[in-house]
Amino acid sequence: MLSVVVLISGSGTNLQALLKATDNPLFPAKIVAVGSDKDATGLTHAELYEIDTFVVEPERFSSRQAWAETLLASVQHHQPDLVVLAGFMRILPANFVNALKGKLINTHPSLLPLYPGAHAVRDALQDQAKVTGVTIHKVDEGVDTGEIIVQQSVPVETNDTEATLHEKIKVVERELLVQCVEDIANKKIVLA
Ligand code: GAR
């Protein structure tokens, strides 16, 4: 059974999809803890499943480095085999990324390398892209630059707003993330 820690910053619908997947006793991964950089609404999904949560707010630390060290300690306390950034909206410094080498993945709402960063859906619309999508990738020290694991495209309709397009992407994203975690657990995808 693959032990997974999920980090979120927002509504946590990707987390919710992973939690729902674990309702099936045959699903080969379990969520052992959920962390956030703020009091994110998505933490309620973890609470419903009686899963440990932790919040490590950067504002409480004198440096990014110190924040990341405490976040890392909170993650490692749960001894995960895999750490999933599912809408975690902070850039993680090298000490965090290196300590979790081969265990850290991120889901991002675009077809990387297109539209990295915090506003991927808005950037695709501004660029008048006809197609965008979702990418699940390994995390390195850059911003959404790690090796791509899987991608799936989503067409952009002329009347799409940032909200409608992001929701369409998230429908695809949730399924892709659940499948990806299952494939990692079953060693169909090897991260190292
Ligand atoms: C997801 O679409 C995820 O790809 C995105 O935030 C959303 C979180 O949704 N992440 C990024 O943009 C990271 N650069 P959720 O809170 O409902 O799972």
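So, here is what we can say about the structure in this document.

Rules and cut-offs
- Residues numbered from 1 in each chain as written.
- Predicted model: local features only at pLDDT ≥ 70, side-chain atom pairs only at ≥ 80, totals over all residues.
- Heavy atoms only, no water.
- Helix = DSSP H or I, 4+ residues; strand = E, 2+ residues; numbered from the N terminus.
- Rg over C-alpha atoms; globule rule 2.2 N^0.38 Å.
- Buried < 20%, exposed > 50% of the residue type's maximum accessible area, 1.4 Å probe, protein only.
- Axes fitted to C-alpha atoms, helices over the stretch in contact; angles between N-to-C directions.
- Parallel < 35°, antiparallel > 145°, perpendicular 65-115°, else oblique.
- Left-handed = near helix turned anticlockwise from the far one by under 90°.
- Contact = heavy atoms within 4.5 Å.
- Nonpolar A, V, L, I, M, F, W, Y, C, P; charged D, E, K, R; others polar.
- Core = buried A, V, L, I, M, F, W, Y, C linked by side-chain atoms within 4.5 Å.
- Near = heavy atom within 4 Å.
- Polar contact = N/O pair within 3.5 Å; in protein donor to acceptor, adjacent residues only side chain to side chain.
- Areas by Shrake-Rupley, 256 points an atom, 1.4 Å probe, with all protein chains shown as cover.

This paragraph deals with the overall build of the chain. Within the chain, the regular secondary structure consists of six helices and seven strands. Element order for the chain, N to C, with α for helix and β for strand: β-α-β-α-β-α-β-α-β-α-β-β-α. For the chain, whose C-alpha radius of gyration is 16 Å, the value lies close to the compact-globule estimate of 16 Å for 192 residues. Based on the C-alpha atoms only, the size of the chain along its principal axes is roughly 45 × 45 × 30 Å. In the chain, which comprises 192 residues, the proportion classed as buried is 51%.

Attention now moves to the packing of helix 1 (residues 13-21) against helix 6 (residues 162-185). Relative to each other, helix 1 and helix 6 sit at 45 degrees, their axes nearing to 9 Å. Here helix 1 lies oblique to helix 6, going by the angle between them. In this structure, helix 1 crosses over helix 6, and the sense of that crossing is right-handed. Within the contact between the two elements, helix 1 uses Thr13, Asn14, Ala17, Leu18 and Ala21 and helix 6 uses Lys170, Glu173, Arg174, Leu177, Val178 and Val181. The residue makeup of the contact of helix 1 with helix 6, split by class, is six nonpolar, two polar and three charged.

Ranked by size, the top nonpolar core spans 39 residues in total, and within it Val4, Val6, Val34, Leu82, Val84, Ile105 and Val181 carry the most contacts. Breaking this core down by element, the ones donating at least two residues are strand 1 (2-8), helix 1, strand 2 (29-36), helix 2 (43-48), strand 4 (82-86), strand 6 (131-138), strand 7 (148-155) and helix 6. With 10 residues, helix 6 is the largest single contributor of residues to this core. Residues within four places of Val84 in sequence aside, it is in contact with Val4, Val5, Val6, Leu7, Ile105, Leu177 and Val181. Core analysis: the next-biggest nonpolar cluster, separate from the first, contains 20 residues, Ala33, Phe54, Ala68 and Leu72 among them.

Okay, the site of the ligand next. The full set close to the ligand counts 14 residues, and Gly12, Thr13, His166, Lys170 and Glu173 are the nearest of them. Taking Thr107, its main chain carries an N or O atom lying 3.2 Å from an oxygen atom of the ligand. A distance of 2.7 Å is found between an oxygen atom of the ligand and a side-chain nitrogen or oxygen belonging to His166. Surface burial for the ligand is 93%, taken as the share of its 460 Å² of free accessible area covered by protein chains.

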